[in-house]
Amino acid sequence: MMNKKQQFDRLLTGEKNQKVFFKPILMHFAARFNGTTYGKFASDYKALVESNVKCFDYFDLDAVSLISDPYRETSAFGAKIEYIPEGVPRCLNKIVANIDDVKNLKIPNILKCERTLDRINGATYYQKLLKGNVPVGGWIEGPLAEACDLVGVSEMLLNLMLDPDLSNLLMDKCMVVAKEFAKAQIDAGCDFIGIGDAICSQIDVDTYNLFVRERHKELAEYIQSLGSKVKFHICGNIEHLLSPLSTLNIDIIDIDWQNDLKKVRKILGDDIVIKGNIDPVTILDRTTEEIEDIVTDLCLQTQNEKFILSGGCEICLDTPVSNLMKMSEVSKMFI
């Protein structure tokens, strides 16, 4: 019998007679399920890994990941981070206000910075606990998302329009860190790297093509050159970005609930693994019987495709355990 890692490899190669894989995005839910806080989950790799492993065992998941919050690299660049016991960590200061700040921004050593090293150690700990039998997903911020973390979202969106020199120089520095952070996680045992660049859903396709697409392509190709796989995560409606995304040759893509999976598949093609795309609020609010019907319909729709069952984004904190278990149970019924 193949282990989860071997099954995952078969999914990516497109071999037939695949089961439906099940891997929701779990953060605050996982922490609470394991009896710990989000603050601990985000600040201590052992809490993060053990929370995910507990969910992996209980819900019979098909992979685990290191996702926690967007401020790992931001902290390495020098920003101050505050941990919230029952909330996402907060970035307390924007460290870039003008192009001189960008020029003076030093590239950090991600092996010596507390928060980036913590995630790297998480990958090592997963391998110790799971013995290489389960696919482990690392996580990095995409170039535009990290630039927004350093400058501020509104400020960076204005910079894209008004100050292309600042925008390009800052994202170039973010790319250096993204590559080094990805490599360190791969070296520590990650089988795929998630790239979070959710802000891209909020820019038009011309801006994406001008500033981001080639950086995404370069980052994906670099990660793949290291022997790892690439997963993209851009929350929200990305219909306007599907055409340029289809040129990136990425392995897996998270698709949020606002997007039509048939249209996504038609544009992105049959080779990519599509992951999604039930509204997390639906998973939170509906009855177990309704969840069973929704998941059954989605699994029937995606039969014989490269597909991973998941919510469109993170599973909500107060999602009933029975609903998540029902998703797992239904996924096991399809081969």
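Keep in mind that what you see is a predicted model, and the values were worked out from it rather than measured.

Criteria and thresholds
- Residues numbered from 1 in each chain as written.
- Predicted model: local features only at pLDDT ≥ 70, side-chain atom pairs only at ≥ 80, totals over all residues.
- Heavy atoms only, no water.
- Phe/Tyr/Trp six-rings, centres within 6.5 Å; stacked < 30°, edge-to-face > 60°.
- Helix = DSSP H or I, 4+ residues; strand = E, 2+ residues; numbered from the N terminus.
- Buried < 20%, exposed > 50% of the residue type's maximum accessible area, 1.4 Å probe, protein only.
- 1 Å grid on protein atoms, 1.4 Å probe; cavity = no way out; pocket = protein on both sides within 12 Å on 5 of 7 lines; lining within 4 Å.
- Points joined across faces, edges and corners; volume = space filled by probe spheres on them.
- Nonpolar A, V, L, I, M, F, W, Y, C, P; charged D, E, K, R; others polar.
- Salt bridge = Lys/Arg side-chain N within 4 Å of Asp/Glu carboxyl O.
- Contact = heavy atoms within 4.5 Å.
- Expected span 1.5 Å × (residues − 1).
- Arc of directions from axis to C-beta.
- Axes fitted to C-alpha atoms, helices over the stretch in contact; angles between N-to-C directions.
- Parallel < 35°, antiparallel > 145°, perpendicular 65-115°, else oblique.
- Left-handed = near helix turned anticlockwise from the far one by under 90°.
- Pairing = 2+ DSSP bridges.

Colleague: Explanation requested: the packing of aromatic side chains in the structure shown.
Modeller: The geometry of two aromatic rings is summed up by the distance between their centres and the angle between their planes. Under the defined criterion, the tally for this structure stands at 8 aromatic pairs. Between the aromatic rings of Phe33 and Phe59, the centroid separation amounts to 5.3 Å while the plane-to-plane angle is 40°, which identifies the pairing as tilted. With Phe33 in helix α2 (residues 28–33) and Phe59 in helix α4 (residues 45–59), the pair connects residues that are 26 residues apart, well separated along the chain. Judged on exposure class, the residue Phe33 and its partner Phe59 are both buried. Both rings, one in Tyr45 and one in Tyr125, keep their centres 5.8 Å apart while their planes meet at 85°; by these two values the pair is edge-to-face. Of this pair, Tyr45 sits in helix α4 while Tyr125 sits in helix α7 (residues 114–130), and the two are 80 residues apart along the sequence. Exposure remark for Tyr45: the relative accessible area of 22% places this residue in the partly exposed category.

Colleague: Mind showing me how you'd approach the layout of surface pockets here?
Modeller: Any empty space left between the atoms is revealed when a probe the size of a water molecule rolls over them. Here the largest pocket defines a volume of roughly 570 Å³. The wall of the largest pocket is formed by 27 residues, among which Asp69, Pro70, Glu141, Asp149 and Ala198 lie closest to the centre. Mapped by element, the contributors of at least two residues to the lining of the largest pocket are β4 (87–91), β5 (136–141) and α8 (143–151). Considering each element in turn, the lining of the largest pocket owes the most residues, 3 residues, to α8. Across the lining of the largest pocket, the residue classes break down as 16 nonpolar, 5 polar and 6 charged.

Colleague: How do you make sense of the pattern of salt bridges when you look at a structure like this?
Modeller: In a structure, side chains of opposite charge can pair up when their charged atoms sit close to one another. Scanning all chains against the criterion turns up 23 salt bridges. Between Glu15 and Arg10 there is a salt bridge whose closest N-O contact spans 3.0 Å. Looking at Glu15, the relative accessible area reads 40%, which means it is partly exposed. Salt-bridge contacts for Glu218 lead to Lys179; the nearest nitrogen and oxygen are separated by 2.5 Å. With Glu218 in helix α12 (residues 213–225) and Lys179 in helix α10 (residues 164–187), this pair connects stretches of sequence that are 39 residues apart. Shared partners join several salt bridges into a network, and the residues in it are Lys4, Lys19, Asp60, Asp62 and Lys332.

Colleague: What am I meant to see in the environment of Glu73 here?
Modeller: Checked against the element boundaries, Glu73 lands in helix α5 (residues 72–77). Of the residues examined, Glu73 reaches a relative accessible area of 2% and is grouped as buried. Sequence separation between Glu73 and Ile223 is 150 residues; the distance between their C-alpha atoms is 17 Å. Contact partners of Glu73, with chain neighbours within four places excluded, come to Thr116, Ile140, Glu141, Glu146, Val177 and Phe181.

Colleague: Would you explain α12 in this entry?
Modeller: Quick reminder: α-helices carry 3.6 residues per turn. Residues three or four places apart thus point the same way. Helix length check: α12 (13 residues) gives 18 Å between terminal C-alpha atoms against 18 Å at 1.5 Å per residue, within 8%. Inspection of α12 places Arg215, His216, Leu219, Ala220 and Ile223 among the buried residues, and these make up the whole buried set. Here the buried residues of α12 occupy an arc of 130° about the axis, which is enough to place them on one side. Gly227 lies just past α12 and shows a positive phi near 90°.

Colleague: What exactly am I supposed to notice about the packing of α7 against α10 here?
Modeller: The interhelical angle for the contact between α7 and α10, taken along N-to-C directions, is 30°, at an axis separation of 8 Å. Classed by the angle they form, the pair α7 and α10 counts as roughly parallel. Between α7 and α10 the crossing geometry is right-handed. Residues Thr116, Arg119, Ile120 and Ala123 of α7 form the contact with α10, whose participating residues are Phe181, Ala184 and Gln185. Among the residues forming the contact of α7 with α10, the class breakdown is 4 nonpolar, 2 polar and 1 charged.

Colleague: Any chance you could explain the sheet that holds strand β2 (residues 64–65) here in plain terms?
Modeller: With respect to topology, 8 strands assemble into an open sheet ordered β1-β10-β9-β8-β7-β6-β5-β2, the strand pairing being parallel. Each edge of the sheet is formed by a strand with only one pairing partner; in this case those strands are β1 (21–22) and β2. For β5 and strand β6 (residues 192–196), the ladder comprises 5 bridges, and the chain directions are parallel. Residue pairing for β6: Glu141 is matched across the bridge by Gly196.

Colleague: Before we go on, may I ask you to explain empty space enclosed by the protein in this structure?
Modeller: A complete count under the given rule lists 1 cavity of 30 Å³ or more for this structure. Its boundaries defined by the atoms lining it, the largest cavity holds a volume of some 160 Å³. Contributing to the lining of the largest cavity are 17 residues, with Lys23, Ser65, Phe192, Lys231 and Lys275 lying nearest its centre. Its residues assigned to classes, the lining of the largest cavity shows 11 nonpolar, 2 polar and 4 charged.

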